[in-house]
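Listed below, chain by chain, are the residues.
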Amino acid sequence: MADSAQAQELVYLVTGGCGFLGEHVVRMLLQQEPRLRELRIFDLHLGPWLEELKTGPVQVTAIQGDVTQAHEVAAAVAGAHVVIHTAGLVDVFGRASPETIHAVNVQGTKNVIEACVQTGTQFLVYTSSMEVVGPNIKGHPFYRGNEDTPYEAVHRHPYPRSKALAEQLVLEANGRKGLRLGGRLFRAIPASVEHGRVYVGNVAWMHVLVARELQERAALMGGQVYFCYDKSPYKSYEDFNMEFLGPCGLRLVGTRPLLPYWLLMLLAFLNALLQWLLRPLLLYAPLLNPYTLAMANTTFTVSTDKAQRHFGYEPLFSWEESRTRTVRWMQTMDSSAQ
Ligand SMILES: NC(=O)c1ccc[n+]([C@@H]2O[C@H](COP(=O)([O-])OP(=O)(O)OC[C@H]3O[C@@H](n4cnc5c(N)ncnc54)[C@H](O)[C@@H]3O)[C@@H](O)[C@H]2O)c1
Ligand SMILES: CC(C)CCC[C@@H](C)[C@H]1CC[C@H]2[C@@H]3[C@H](O)C=C4C[C@@H](O)CC[C@]4(C)[C@H]3CC[C@]12C
């Protein structure tokens, strides 16, 4: 395993991570990349050997998925800092149809690129193939050439053609900008203040379920209060927000609040005073006021299963899905704002 002296903060995704090359990449990353916090392995067919990797300090996340399915790729890519895309169909024997080879090698690569752009993953490494260059159908030798050696690449076979198209897509995507908010946020709330957050999709699901079940179980459910909950992690308000802002390039600076609480209180009261003074002229409604500051600095988390016991509620969306959907929602908000 890599030396843990360096901060373990990076999330890598390896597509095709259970393949011949992919497995080597996975094992090499665990040995040679000390900054690795999470290693996601995305593959159509997950290998049993992955289990043995889950005992180390790096979080190893096996994701069974298909690169031809854009939503599966997006869910796997969201939050990754680096993607190594090795997934592909290596077939020069006619086992797979040209359409299937194209779907996996070209459309699959398109899906990986779009997922990176959408979720702000800046670094993509693509495994191409020598066959992108040749040998061509004219049998021209390529003798000890390098990346700059001129050669007439002519592709007729589905596999080399798919690899050439995919490589071109990757090269063209170089420099494309996703939602990279960039910049830094300075911590204002102690990381120890724990807040409970719930994905809106799970809140909506609970409403639908309780409305349905209430009609059948009015005696039990009538007049009851149910907390909304899911598997979202308990974190400070700012640390939780970073789950979505981090993949978009923002960084939360400081392990402790930048400003002392008394100064924040003073600023909050000044905001409240300004709001009162300016009200006849304009609406001044900043984030920071005595109420929001008090809320931000007060631990408030729930842990309950009452909804599950009373009407069988289970979150519809996992934490990973909730996070992916939220990041994607942020991307769409940003693109519509541009
Ligand atoms: N093996 C070689 O000689 C060679 C040479 C040059 C380039 N390449 C390229 O290297 C990459 C890996 O090749 P390999 O030799 O490891 O092949 P491999 O078949 O051993 O591995 C490919 C992996 O991709 C996965 N995969 C296939 N279709 C998928 C899909 N739709 N969704 C998700 N995963 C899918 C497979 O399950 C497999 O684990 C490929 O892109 C290939 O074109 C291989
Ligand atoms: C130091 C300050 C600038 C930080 C400001 C953060 C502040 C705007 C946040 C912190 C807590 C947030 C509230 C909390 O998540 C819970 C709720 C209850 C919900 O019913 C409505 C939203 C609300 C009030 C959040 C609003 C934004 C708050 C106050």
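Residues numbered from 1 in each chain as written. Chains lettered and ligands numbered in written order. Predicted model: local features only at pLDDT ≥ 70, side-chain atom pairs only at ≥ 80, totals over all residues. Heavy atoms only, no water.

By the naming in an unreviewed UniProt entry, the protein chain is 3 beta-hydroxysteroid dehydrogenase type 7, taken from Pipistrellus kuhlii. Database annotation for the protein chain, UniProt heading Subcellular location (unreviewed entry): "Endoplasmic reticulum membrane". Regarding the protein chain, the relevant UniProt record gives this comment under Sequence similarities (unreviewed entry): "Belongs to the 3-beta-HSD family." (UniProt positions renumbered as here; feature names shortened; annotations may be inferred.)

What surrounds ligand 2 is the set Ala188, His195, Tyr237, Leu287, Thr292, Met295 and Ala296. Ranked by the residues each element gives to the shell around ligand 2, the list is headed by helix α9 (residues 290–296), at three residues. Taken together, the residues that form the shell around ligand 2 break down as five nonpolar, two polar and no charged. (Near = heavy atom within 4 Å. Helix = DSSP H or I, 4+ residues; strand = E, 2+ residues; numbered from the N terminus. Nonpolar A, V, L, I, M, F, W, Y, C, P; charged D, E, K, R; others polar.)

Another aspect to go through is the pairing of strand β5 (residues 123–126). Judged from the four bridges that link them, strand β4 (residues 82–85) and β5 form a sheet pairing that is parallel. Considered in β5, the bridge of Val82 is made with Phe123. Each parallel crossover has a hand, and the one from β4 via helix α3 (residues 98–119) to β5 is right-handed. (Pairing = 2+ DSSP bridges. Right-handed = clockwise from strand over helix to strand, strands pointing away.)

In the neighbourhood of ligand 1, 21 residues make up the surrounding shell, with Phe20, Leu21, Asp43, Asp66 and Tyr159 lying closest. Within the side chain of Asp66, an N or O atom sits 2.8 Å from a nitrogen atom of ligand 1. Take Tyr159: an N or O atom from its side chain is 2.6 Å from an oxygen atom of ligand 1. Bound to the protein, ligand 1 loses 77% of the 810 Å² it would expose on its own. Secondary-structure elements contributing two or more residues to the shell around ligand 1 are α1 (20–32) and α4 (158–173). When its residues are assigned to classes, the shell around ligand 1 shows nine nonpolar, nine polar and three charged. (Polar contact = N/O pair within 3.5 Å; in protein donor to acceptor, adjacent residues only side chain to side chain. Areas by Shrake-Rupley, 256 points an atom, 1.4 Å probe, with all protein chains shown as cover.)

Counting across every chain of the model gives 11 salt bridges. We note a salt bridge from Glu213 to Arg217, for which the minimum N-O separation is 3.2 Å. Owing to a relative accessible area of 14%, Glu213 belongs among the buried residues under this scheme. Given the relative accessible area of 35%, Arg217 is considered partly exposed. With a shortest N-O distance of 2.5 Å, Lys235 and Glu243 are connected by a salt bridge. (Salt bridge = Lys/Arg side-chain N within 4 Å of Asp/Glu carboxyl O. Buried < 20%, exposed > 50% of the residue type's maximum accessible area, 1.4 Å probe, protein only.)

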